[in-house]
Amino acid sequence: MAFTVADYTVFVLLLVLSSAIGLFYALSGGRQRTVQEFLLANRSMSFLPVALSLLATFQSAVAILGVPAEIYRFGTEYWLLGCCYLLGLLIPAHVFIPVFYRLHLTSTYEYLELRFNKAVRVCGTVTFIFQMVIYMGVVLYAPALALNAVTQFDLWGAVLTMGLVCTLYTTLGGLKAVIWTDVFQTLVMFAGQLAVIVVGTVKVGGMGQVWQLAADQGKISGIDLNPDPFERHTFWTLAVGGVFMMLSLYGVNQAQVQRYLSSRTEREAVLSCYAVFPCQQVVLCLSCLTGLVMFAYYQEHPLTAPQSQASSDQLVLYFVMDVLKDLPGLPGLFVACLFSGSLSTISSAFNSLATVTMEDLIHPYFPGLRESRATLLSKLLALSYGLLCLGMAYLSSMMGPMLQAAISIFGMVGGPLLGLFCLGMFFPCANPTGAIAGLAAGLAMAFWIGIGSLVSNLRAAPSAPPLSNITDFPQTSSLSTAIATTLLTSTPAPKRLSGLQKFYSLSYMWYSAHNSTTVILVGLLVSLLTGPTKGATVNPRTIYPVLPRLLCCLPQRYRERLSCGVGCSAEDGGCVEPAPRAPEKTSNGMPNGPLGGLARAEEAEEVEGEGFARTEGTHTYILQETSL
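The shown structure was predicted, so the numbers you read here are calculated from the model rather than taken from an experiment.

How each quantity is defined
Starting afresh in each chain, residues are numbered from 1 along the sequence in its written order. With the structure being a predicted model, the display of local features is reserved for residues of pLDDT at least 70 and the display and counting of side-chain atom pairs for 80 or more, all residues being used for whole-chain, interface and lining totals. The side-chain values count all of the structure's non-hydrogen atoms but skip hydrogen atoms and water molecules. Strands here are runs of E lasting at least two residues and helices are runs of H or I lasting at least four, both read from the DSSP assignment and numbered beginning at the N terminus. Any residue under 20% of the maximum accessible area for its type is buried, any over 50% is exposed, and the rest in between are partly exposed; the area is computed with a 1.4 Å probe on protein chains only. Throughout, a residue-residue contact means that at least one pair of heavy atoms, one from each residue, lies within 4.5 Å. To count toward a patch, a residue needs a relative accessible area over 30% and no salt bridge; like charges are then connected within 9 Å, while nonpolar side chains (Val, Leu, Ile, Met, Phe, Trp, Tyr) are connected within 5 Å. Where accessible areas are quoted, they stem from the Shrake-Rupley method and a 1.4 Å probe; at the residue level, only the protein chains shown are allowed to cover. Salt bridge, as used here: a side-chain nitrogen of Lys or Arg that lies within 4 Å of a carboxyl oxygen of Asp or Glu. Here, the term nonpolar core denotes a set of buried Ala, Val, Leu, Ile, Met, Phe, Trp, Tyr and Cys residues that are joined through side-chain atoms within 4.5 Å. Here an axis means a line fitted to C-alpha atoms, over the contact stretch when the element is a helix, while the angle between two N-to-C directions is reported on a 0 to 180 degree scale. Here is the rule for angles: anything less than 35 degrees is roughly parallel, anything more than 145 is roughly antiparallel, 65 through 115 is roughly perpendicular, and the remaining ranges are oblique. As a working rule, the residues Ala, Val, Leu, Ile, Met, Phe, Trp, Tyr, Cys and Pro are called nonpolar, Asp, Glu, Lys and Arg charged, and the rest polar, with Gly in that last group. A helix is expected to reach a length of 1.5 Å times the quantity of its residues less one. Definitions for this section: a left-handed crossing has its near helix turned counterclockwise from the far helix by less than a right angle. A right-handed crossing has that turn clockwise. In plain terms, two cysteine sulfur atoms within 2.5 Å form what is called a disulfide here. Stacked, edge-to-face and tilted are the three classes for Phe, Tyr and Trp ring pairs, Trp counted by its six-membered ring, which pair at centre distances within 6.5 Å; planes under 30 degrees apart are stacked, over 60 edge-to-face, the rest tilted. In this analysis the charged atom, NZ for Lys or CZ for Arg, is taken to sit over a ring once it is within 6 Å of the ring centre and within 35 degrees of the ring normal. Pairing of N or O atoms within 3.5 Å defines a polar contact, subject to two protein rules: one partner must be a possible hydrogen donor and the other a possible acceptor, and residues neighboring in sequence count only if both atoms are side-chain atoms. Every residue carries a pLDDT, the predictor's confidence in it, which falls somewhere between 0 and 100.

1. Observations regarding the overall build of the protein
And then number 1: On a plain count of helices and strands, the protein comes out with 24 helices and 2 strands.
And then number 2: Considering the protein as a whole, with its 628 residues, one finds that 61% of them fall into the buried category.
And then number 3: Once local pairs closer than 6 in sequence are excluded, the contacts in the protein between residues at least 24 apart make up 82%.

2. What about the environment of leucine 249?
And then number 1: Mapped onto the fold, leucine 249 is located in helix α10 (residues 235-250).
And then number 2: The class of leucine 249 is buried, set by a relative accessible area of 0%.
And then number 3: For the pair leucine 249 and proline 92, spaced 157 residues apart in sequence, the C-alpha separation works out to 9.6 Å.

3. Remarks on a nonpolar patch on the surface
And then number 1: Taken together, Trp156, Leu160, Leu164, Leu376, Leu380, Leu383, Leu387, Tyr394, Leu395 and Met398 make up a surface patch of nonpolar side chains, about 940 Å² in accessible area.
And then number 2: Breaking the nonpolar patch down by element, the ones donating at least two residues are α8 (155-204) and α16 (371-397).
And then number 3: Considering every element that reaches the nonpolar patch, the biggest residue donor is α16, with 6 residues.
And then number 4: Locating leucine 383 in the fold gives a position in helix α16.
And then number 5: Relative accessible area serves as the criterion here: at 34%, leucine 383 is assigned to the partly exposed category.

4. With respect to the nonpolar core
As a rule of thumb, soluble globular proteins bury nonpolar side chains together.
And then number 1: Phe96, Phe100 and Tyr111 are the most contacted members of the largest nonpolar core, which totals 157 residues.
And then number 2: The element best represented in this core is α8, accounting for 18 residues.
And then number 3: Setting aside residues up to four positions removed in sequence, phenylalanine 100 forms contacts with Leu105, Thr108, Tyr111, Gly251, Val257, Leu261, Phe421 and Met425.
And then number 4: Counting 9 residues, the second largest nonpolar core, distinct from the first, contains Val35, Phe38, Leu381 and Ala382.

5. Comments concerning the pattern of salt bridges
And then number 1: For the structure on display, the rule yields 7 salt bridges.
And then number 2: Overlapping salt bridges bring together Glu113, Lys118, Arg121 and Asp360 as one network.

6. Digging into unusual backbone geometry
And then number 1: One non-glycine residue with positive phi stands out, namely alanine 41, at about 50°.
And then number 2: Tracing the sequence through the fold places alanine 41 in the loop between α2 (35-40) and α3 (47-58).
And then number 3: Here alanine 41 falls in the buried class, since its relative accessible area comes to 0%.

7. Re the packing of helix α4 (residues 61-74) against helix α15 (residues 330-362)
And then number 1: It is the contact of α4 with α15, at a shortest axis distance of 6 Å, that shows an interaxial angle of 120°. By the criterion of interaxial angle, the relationship of α4 to α15 is oblique. Residues Ala61, Ile64 and Leu65 of α4 form the contact with α15, whose participating residues are Phe334, Cys337, Leu338, Gly341 and Ser342.
And then number 2: When the residues that make up the contact of α4 with α15 are grouped by side-chain class, the tally is 6 nonpolar, 2 polar and no charged.

8. As for helix α22 (residues 511-530)
And then number 1: Between its first and last C-alpha, α22 extends 28 Å over 20 residues, near the 28 Å set by a 1.5 Å rise per residue.
And then number 2: For α22, the complete set of buried residues consists of Tyr511, Ser512, Ala513, Asn515, Ser516, Thr518, Val519, Ile520, Gly523, Leu524, Val526 and Ser527.

9. Here's the deal with the environment of alanine 440
And then number 1: Relative to the elements of secondary structure, alanine 440 occurs in helix α19 (residues 432-460).
And then number 2: Remark: the alpha-carbon pair of alanine 440 and valine 522, spanning 82 residues in sequence, is separated by 9.4 Å.

10. Focus: the packing of helix α7 (residues 118-151) against α15
And then number 1: The geometry of α7 relative to α15 is characterised by a closest axis approach of 10 Å and an angle of 160° between their N-to-C directions. One way to sum up the angle between α7 and α15 is to call them roughly antiparallel. For the element pair α7 and α15, the recorded crossing hand is left-handed.
And then number 2: Grouping the amino acids of the contact of α7 with α15 by side-chain chemistry returns 19 nonpolar, 5 polar and 3 charged.

11. Brief notes about the state of the cysteines
And then number 1: Applying the stated criterion to the full structure yields 0 disulfides.
And then number 2: Take cysteine 288: it sits in no disulfide, and the sulfur closest to it among the cysteines is that of cysteine 285, at 6.9 Å.
And then number 3: By relative accessible area, cysteine 288 is classed as buried at 0%.

12. A short note on the packing of aromatic side chains
And then number 1: Going through the model one piece at a time under the given rule, you end up with 17 aromatic pairs.
And then number 2: Judged by centre distance (5.9 Å) and plane angle (85°), the ring pair of phenylalanine 100 and phenylalanine 421 falls under edge-to-face. Here the residue phenylalanine 100 occupies a position in helix α5 (residues 85-103), and phenylalanine 421 occupies one in helix α18 (residues 414-426), the gap between them amounting to 321 residues.
And then number 3: Judged by relative accessible area, phenylalanine 421 falls into the buried class, the value being 0%.
And then number 4: Summarising the aromatic geometry, the rings of tyrosine 298 and phenylalanine 319 are spaced 6.1 Å apart at their centres and angled 65° between planes, so their arrangement reads as edge-to-face. Of this pair, tyrosine 298 sits in helix α12 (residues 266-300) while phenylalanine 319 is found in helix α14 (residues 312-324), placing the two residues 21 residues apart along the sequence. By the burial criterion, tyrosine 298 is buried, and phenylalanine 319 matches it.
And then number 5: One aromatic cluster is present, formed by Phe96, Phe100, Tyr109, Tyr111, Phe128, Phe421, Phe426 and Tyr544 through successive ring pairs.
And then number 6: Between the NZ or CZ atom of lysine 118 and the centre of the ring of tyrosine 365, over which it lies, the distance is 5.8 Å.
And then number 7: Above the ring of phenylalanine 74, the side-chain terminus of arginine 232 is found at 4.7 Å from the ring centroid.

13. Quick word on the side chain of serine 287
And then number 1: Along the chain, serine 287 falls in helix α12.
And then number 2: The contacts of serine 287, once residues within four sequence positions are left out, are Gln59, Val67, Pro68 and Gln193.

14. Some words on the environment of arginine 115
And then number 1: Take arginine 115: it is sitting in helix α6 (residues 110-115).
And then number 2: When the C-alpha positions of arginine 115 and glycine 424 are compared, they lie 6.4 Å apart, and in sequence the two are 309 residues distant.
And then number 3: If near-sequence neighbours (up to four positions away) are discounted, arginine 115 is found in contact with Gly424, Phe427, Pro428, Cys429, Ala430, Val538, Thr542 and Ile543.
And then number 4: A polar contact is formed between the side chain of arginine 115 and the backbone oxygen of glycine 424, at a distance of 2.7 Å.
And then number 5: Of note is the side chain of arginine 115, whose polar atom sits 2.9 Å from the backbone oxygen of phenylalanine 427.

15. A word on the confidence of the model for the protein
And then number 1: Scored by pLDDT, the protein has a mean of 79; 78% of the residues are at 70 or more.
And then number 2: Note on residues 463-494: pLDDT is under 50 here. Beyond four places in sequence and across chains, it has 134 contacts.
And then number 3: Overall, residues 573-628 carries pLDDT values under 50, and its contacts beyond four positions in sequence, including any with other chains, amount to 126 contacts.

16. Here's the deal with helix α11 (residues 254-261)
And then number 1: Along α11, 8 of the 8 residues are buried, which leaves the element largely enclosed by surrounding structure.
And then number 2: Among the residues of α11, Gln254, Ala255, Gln256, Val257, Gln258, Arg259, Tyr260 and Leu261 are the ones counted as buried.
And then number 3: The residue sitting at the N-terminus of α11 and contributing the capping side-chain oxygen is asparagine 253; that oxygen lies 2.9 Å from the backbone nitrogen of alanine 255.

Here's what the structure looks like:
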């Protein structure tokens, strides 16, 4: 089906408005003249735009195509993923955000140096960069490939246009532009999905008819309480395994944590985590309803020959074109919806990559870098990663069946990184040697299971899957939970497997839990063998005392024993003396306050339950960075 002038107009409006937001923040306010403003929006954001930005990063183009395809093929069981959202957001809100925010980090991996040493920080940073560079080209290319196969929408025209527009507003406007374009793009995604659901439901004969047709064909799934972790989707797989997947995204992922850190107070950061919960439920409902409406529509309107041969993600686009073809502009709205998902995810990747490269790989080795040069270098990094994204999109076009491996590799890294942060935050005895050994073991386990499952599935398949079928591959935790489900339409694991084949059939929803647990167990074992860290030497602000908090009814002396000798921080209610405040850290990483004493009282005041509230957006505080 060819696009009309109205469709192209709607699509172009998306690009123009996204670019305009970037230009507005490049020419207004502080004009992105400091690293703090460019990378953290001057820590001045309120909770609502941050929440919508978190949601936009979560809702990728892959998910917009993948979730309806999953519902169309396998029924509504995937809808139970919504059960994991509550714990998956409560834990970050009350565990990870307070620790990160009170340390006033810029890069999440600064925490690893404060808790362990510089070597662990660099290992975490390099792992994250590898993860994102592999992925960001795929997330741009794969949806464009599926769109081209169905609508003849120019493939490389779409890829280049989206990549360049995204690079433009990310480089010019910084994180503030990224967040506000995410807000705009979220509204576009809602509008596109609602248009498809409403028009499709009317053509089928109402939502009651949709539900009845789906129920008659067995697409309305019950609750499967089978605890077998090798079953692809059960209640426990989705509701429990999904929690670890959410933690790897909303707890420790740089792209999301950076948004928390841009909030003006800790309370605003926590509220953003709360606010994203209902939004996620709405997004999940819209995606699942799209799949049900698509199924009901094709029960009454048989598939054509090309449609019957299409992959699942292509079928979603065929359905959109069939339903909206008589309404000029609405197909263009859905295309804008689809590429809004790509824009929001890619812009998050550019900004987070520029942040970790600047803070973790450049500032520590060039501490005397002037503010103006550091800001310019940050912008050049964002620009460079944008151009690299286009290069990776080109490489993706030549990967063929290896496109599946590229998507899977991205998902394999989330679990080990989650395990690394949990090891440092919850286990005071863990030492740097154990942290590096645990991360290496977790990555090895992740690649072993992931690549083994991939090869096993390719051998079992009669032929290689179509290149444009981006939703047929198993996957783990990722930059967004939606991306983590790009394998949503994978074939269920065959029965009666044994040995390694059985091991490789582990549900992808358990990958994050399995790999993070591997990091923790190996890290603790190596730490005990090489000499555990003494609790008295651990910075208490880098530890979350799980057992003392859970067993808060115990007498004080027992809670002190449970804390493994770690002193209490100022935020711990059991403290007698508050921990000293950290020296001021300017946006280029250089401490300006007294090296071991208190920050100036007139520049910051401590707010109970909120860490440090800044009276001016430019002042931040952090523990003095350690170095080898």
